[in-house]
Amino acid sequence: MSEIKNKVVVITGASSGIGEGLARRLAASSASVVLGARRTDRLETLVAQIREAGGKAEFLAVDVTRREDVEALVQLAKTTYGKVDVIINNAGLMPLSNLDRLEVHHWDRMIDVNIKGVLYGIAAGLPIFQEQKDGHFINIASTGAYRVVPTGAVYCATKFAVRAISDGLRMEVGPDIRVTTLSPGVVESELASTITDPDAAAAMVEFRANGLTPDDIARAVVYVLEQPKTVDVSEMLVRPAGGF
């Protein structure tokens, strides 16, 4: 854990699911975590529990579709701890539906959260990382970034975009800044609660019977962060055994 100890880690979408699992696991690994999400009641409880266990944590109300919110979260980390080592762009939505349902408002929201939210995290952190000559972006995509499924055209497109943005960033920033795309398979989380198509929601119940836990993904992130500065785990897929 020597590579993680005393790192300052910013996490969006931290009030539940993967984000909450990341916060707990990284704080227990001696990182200082700065957590953003819309549901501040959950963040307040989570931060209190981390502190009671001896960890370091701060939180801020954040809507990742608002660039100023994401900027404020990263600046909170910098002001509080004097640096920012890792930004985990985790916030995401998955309101699956067939395209012919024309749920354009859900398409817009997925683009705003899943793509723009990642870009805003990059915009907030990149100048700090460049000044420090050090930093690590971890962008949470999905196995849907590699395979399109019915009802998932727009969702998968947003996750393909996260892969493209991440790989482009990796090639542009040079060796001082690392970029990782982490693509989970089915994970037990509230993400499925945003599915609007009843058939897709029913299918997800079946998939979840063999799903990963948020802590499974958190342990994968620990592996990524444990690598020495000369190693960039640029892409990682984490699937349930025998699953998607």
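Residues numbered from 1 in each chain as written. Predicted model: local features only at pLDDT ≥ 70, side-chain atom pairs only at ≥ 80, totals over all residues. Heavy atoms only, no water.

Participant: Account for the overall build of the chain, naming residues and giving values.
Facilitator: Scanning the chain for helices and strands turns up seven helices and seven strands. Seen in sequence order, the chain has helices and strands lined up from the N terminus as β-α-β-α-β-α-β-α-β-α-β-α-α-β. Expected size for 244 residues packed as a compact globule is a radius of gyration near 18 Å; at 17 Å, the chain falls within 12% of this value. Seen along its three principal axes, the alpha-carbon backbone of the chain occupies a region of about 50 × 40 × 35 Å. Here the chain, with 244 residues, has 50% of them falling under the buried criterion. Taking all contacts inside the chain whose residues are at least 6 apart in sequence as the whole, residues at least 24 apart take part in 71%. Counting 26 positive and 30 negative side-chain charges, the chain places the averaged centre of each group 4 Å from the other. (Helix = DSSP H or I, 4+ residues; strand = E, 2+ residues; numbered from the N terminus. Rg over C-alpha atoms; globule rule 2.2 N^0.38 Å. Buried < 20%, exposed > 50% of the residue type's maximum accessible area, 1.4 Å probe, protein only. Contact = heavy atoms within 4.5 Å. Lys, Arg positive; Asp, Glu negative; His and termini not counted. Charge placed at Lys NZ, Arg CZ, Asp CG, Glu CD.)

Participant: Describe in detail unusual backbone geometry, supporting the description with residues and values.
Facilitator: We note that Asn6 has phi near 70°; this positive angle belongs to a residue other than glycine. In this structure Asn6 comes out as partly exposed when scored by relative accessible area, which is 47%. Positive phi is not limited to glycine here, since Thr151 has a value of about 75°. Position of Thr151 relative to the elements: it lies in the loop between strand 5 (135-140) and helix 5 (153-173). Residue Thr151 is classed as buried on the basis of its relative accessible area of 17%.

Participant: Before we move on, can you summarise the pairing of strand 1 (residues 8-12) with the specific residues and values?
Facilitator: Most of strand 1 sits inside the fold, with five of its five residues counted as buried. Across the two faces of strand 1 the burial is the same, with Val8, Val10 and Thr12 and Val9 and Ile11 all buried. With five bridges joining them, strand 1 and strand 2 (residues 32-37) adopt parallel strand pairing. Paired with Val10 across the two strands is Val34, which belongs to strand 2. (Pairing = 2+ DSSP bridges.)

Participant: I'd like a rundown of the pairing of strand 6 (residues 177-184), residues and numbers included.
Facilitator: The buried fraction of strand 6 amounts to eight of the eight residues, a majority that puts the element mostly inside the structure. Burial along strand 6 is two-sided: the residues Ile177, Val179, Thr181 and Ser183 and Arg178, Thr180, Leu182 and Pro184 are all buried. As paired strands, strand 5 and strand 6 are joined by six bridges and run parallel to one another. For Ile138, the partnering residue across the bridge sits in strand 6 and is Thr180. The sheet contact formed by strand 6 and strand 7 (residues 235-238) spans four bridges and is parallel. Note on strand 7: the bridge partner recorded for Thr181 is Glu235.

Participant: How would you explain the nonpolar core if you had to name every residue and give the values?
Facilitator: Counting residues in each nonpolar core, the largest one holds 35 residues, and the members touching the most others are Ile11, Leu26, Leu35, Ile88, Ile138 and Leu182. Listed by contribution, the elements that provide at least two residues to this core are strand 1, helix 1 (17-28), strand 2, helix 2 (40-52), strand 4 (86-89), strand 5, helix 7 (214-226) and strand 7. No other element matches helix 7, which puts seven residues into this core. (Core = buried A, V, L, I, M, F, W, Y, C linked by side-chain atoms within 4.5 Å.)

Participant: Would you mind going over the packing of helix 1 against helix 2 in detail, with residue names and values included?
Facilitator: Packing of helix 1 against helix 2 leaves a shortest axis separation of 10 Å and a crossing angle of 15°. One way to sum up the angle between helix 1 and helix 2 is to call them roughly parallel. Judged by the sense of rotation from one axis to the other, the crossing of helix 1 with helix 2 is right-handed. Of the residues in helix 2, those touching helix 1 at Glu20, Ala23, Arg24 and Ala27 are Leu46, Gln49 and Ile50. (Axes fitted to C-alpha atoms, helices over the stretch in contact; angles between N-to-C directions. Parallel < 35°, antiparallel > 145°, perpendicular 65-115°, else oblique. Left-handed = near helix turned anticlockwise from the far one by under 90°.)

Participant: How would you explain the packing of helix 3 (residues 67-81) against helix 4 (residues 104-132) if you had to name every residue and give the values?
Facilitator: The N-to-C vectors of helix 3 and helix 4 enclose an angle of 35°; their axes lie 8 Å apart at closest approach. For the pair helix 3 and helix 4, the sense of crossing is right-handed. Contacts between helix 3 and helix 4 pair Arg67, Val70, Glu71, Val74, Gln75 and Lys78 from the former with Tyr120, Gly121, Ala123, Ala124, Gly125 and Ile128 from the latter. Looking at side-chain class alone, the contact of helix 3 with helix 4 contains six nonpolar, three polar and three charged residues. (Nonpolar A, V, L, I, M, F, W, Y, C, P; charged D, E, K, R; others polar.)

Participant: Lay out the sheet that holds strand 4 in plain terms, naming residues and giving numbers.
Facilitator: Note on sheets: strands pair through backbone hydrogen bonds, and any given pair is parallel or antiparallel. In space, the seven strands of this open sheet follow the order 3-2-1-4-5-6-7, with parallel pairing throughout. Edge positions in the sheet fall to strand 3 (56-61) and strand 7, since each has one partner strand and no second. The average undirected angle you get between the axes of adjacent strands in this sheet is 15°. In this fold helix 2 packs onto strand 2 and strand 3, with an angle of close to 170° to the strand it touches most, strand 3. Across the face of the sheet, helix 4 comes into contact with strand 4, strand 5 and strand 6 while running at roughly 170° to strand 5.

Bear in mind that shape data such as this cannot, by itself, settle questions of function.
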